[in-house]
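# Coordinate inspection notes
For reference, the chains in residue letters:
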Amino acid sequence: MPRGIRNHNPGNVRWDGRTQWQGMTGADELSFIVFGGPEWGIRAGIRDLLTGFRRDDEDTIREIITEWAPPSENDTASYIASVSQRTGFGPDEELEPTAANLERLFEAIIWHENGQQPYQYWVIAKGVQLALA
């Protein structure tokens, strides 16, 4: 089972050693956060994305994924192509952080991070709702 699914952290958000995320139950040996349920891990990932939208003006898949999965650690170009293909958004298309866009974007991130997307629609929607509340 992929780490992100096992940890209920399908975006593989790392712990910074300070932030106590809602639903967090700990961190694994590589500092990936462990959550009590997938909706909390999805919430954390969405909150991270929203920070990029709001503070860093990251509003395209290229900008979002380059920050999320930097080339120093990932095949970022492949990640951008994967998310673009799964969402139907162009890599340089400006996106609004609406609930619908965040759901599509994060579902594609889950696929790329884990090689699967095992969650029913309502789980992702619940994580987005928690993040936007």
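Here is a short report on the structure shown in this document. Keep in mind the model is a prediction, meaning the values are calculated, not measured.

### A short note on a negative patch on the surface
A cluster of acidic residues, Asp-57, Glu-63, Glu-94 and Glu-96, forms a negative patch on the protein surface. Structurally, Glu-96 is set in the loop between helix H4 (76-87) and helix H5 (99-114).

### Some points on unusual backbone geometry
In this model, Asn-12 sits at a positive phi of 55 degrees, which is unusual for a non-glycine residue. Here Asn-12 lies in the loop between helix H1 (3-6) and strand E1 (24-27). Taking the relative accessible area as the measure of exposure, Asn-12 reaches 15% and is therefore buried. In this structure, Asp-57 takes a positive phi of about 55 degrees despite not being glycine. Residue placement: Asp-57 occurs in the loop between helix H2 (38-55) and helix H3 (61-68).

### Here we look at the nonpolar core
Residues Ile-46, Ile-65 and Ile-109 are the most contacted members of the largest nonpolar core, which totals 33 residues. Those elements that provide at least two residues to this core are strand E2 (33-35), H2, H3, H4, H5 and helix H6 (121-132). Once residues within four sequence positions are removed from consideration, Ile-46 is found in contact with Leu-102, Phe-106, Val-128 and Ala-131.

### Observations concerning the packing of H3 against H4
Packing of H3 against H4 brings their axes to within 9 Å, and their N-to-C directions diverge by 135 degrees. When the axes of H3 and H4 are compared, the pair comes out oblique. For the pair H3 and H4, the sense of crossing is right-handed. Between H3, through Ile-61, Arg-62, Ile-65, Thr-66 and Trp-68, and H4, the contact on the second element is made entirely by Thr-76, Tyr-79, Ile-80, Val-83, Ser-84 and Thr-87.

### Regarding the packing of aromatic side chains
By the definition in use, this model includes 1 aromatic pair. Sitting above the plane of the Trp-111 ring, Arg-86 keeps its charged end 4.1 Å from the centroid. Looking at Arg-104, its charged tip hangs above the ring of Phe-89, at a distance of 4.0 Å from the centre.

### Brief notes about the pattern of salt bridges
Under the defined criterion, the tally for this structure stands at 5 salt bridges. Between Arg-55 and Asp-56 there is a salt bridge, with its nearest N and O atoms 3.0 Å apart. We classify Arg-55 as exposed; its relative accessible area is 63%. When its relative accessible area of 34% is taken as the criterion, Asp-56 is described as partly exposed. With a closest N to O distance of 2.7 Å, Arg-62 and Asp-92 form a salt bridge. Highlighted residues: Arg-62 in helix H3 and Asp-92 in the loop between H4 and H5, separated in sequence by 30 residues. Accessibility expressed as a relative area gives 36% for Arg-62, which makes it partly exposed. Each of Arg-3, Asp-28 and Glu-29 takes part in salt bridges that share partners, so that together they form one network.

Scoring rules and cut-offs
- Residues numbered from 1 in each chain as written.
- Predicted model: local features only at pLDDT ≥ 70, side-chain atom pairs only at ≥ 80, totals over all residues.
- Heavy atoms only, no water.
- Patch = residues over 30% accessible without salt bridge, like charges linked within 9 Å, V, L, I, M, F, W, Y side chains within 5 Å.
- Areas by Shrake-Rupley, 256 points an atom, 1.4 Å probe, with all protein chains shown as cover.
- Salt bridge = Lys/Arg side-chain N within 4 Å of Asp/Glu carboxyl O.
- Lys, Arg positive; Asp, Glu negative; His and termini not counted.
- Charge placed at Lys NZ, Arg CZ, Asp CG, Glu CD.
- Helix = DSSP H or I, 4+ residues; strand = E, 2+ residues; numbered from the N terminus.
- Buried < 20%, exposed > 50% of the residue type's maximum accessible area, 1.4 Å probe, protein only.
- Core = buried A, V, L, I, M, F, W, Y, C linked by side-chain atoms within 4.5 Å.
- Contact = heavy atoms within 4.5 Å.
- Axes fitted to C-alpha atoms, helices over the stretch in contact; angles between N-to-C directions.
- Parallel < 35°, antiparallel > 145°, perpendicular 65-115°, else oblique.
- Left-handed = near helix turned anticlockwise from the far one by under 90°.
- Phe/Tyr/Trp six-rings, centres within 6.5 Å; stacked < 30°, edge-to-face > 60°.
- Lys NZ or Arg CZ within 6 Å of the ring centre and 35° of its normal.

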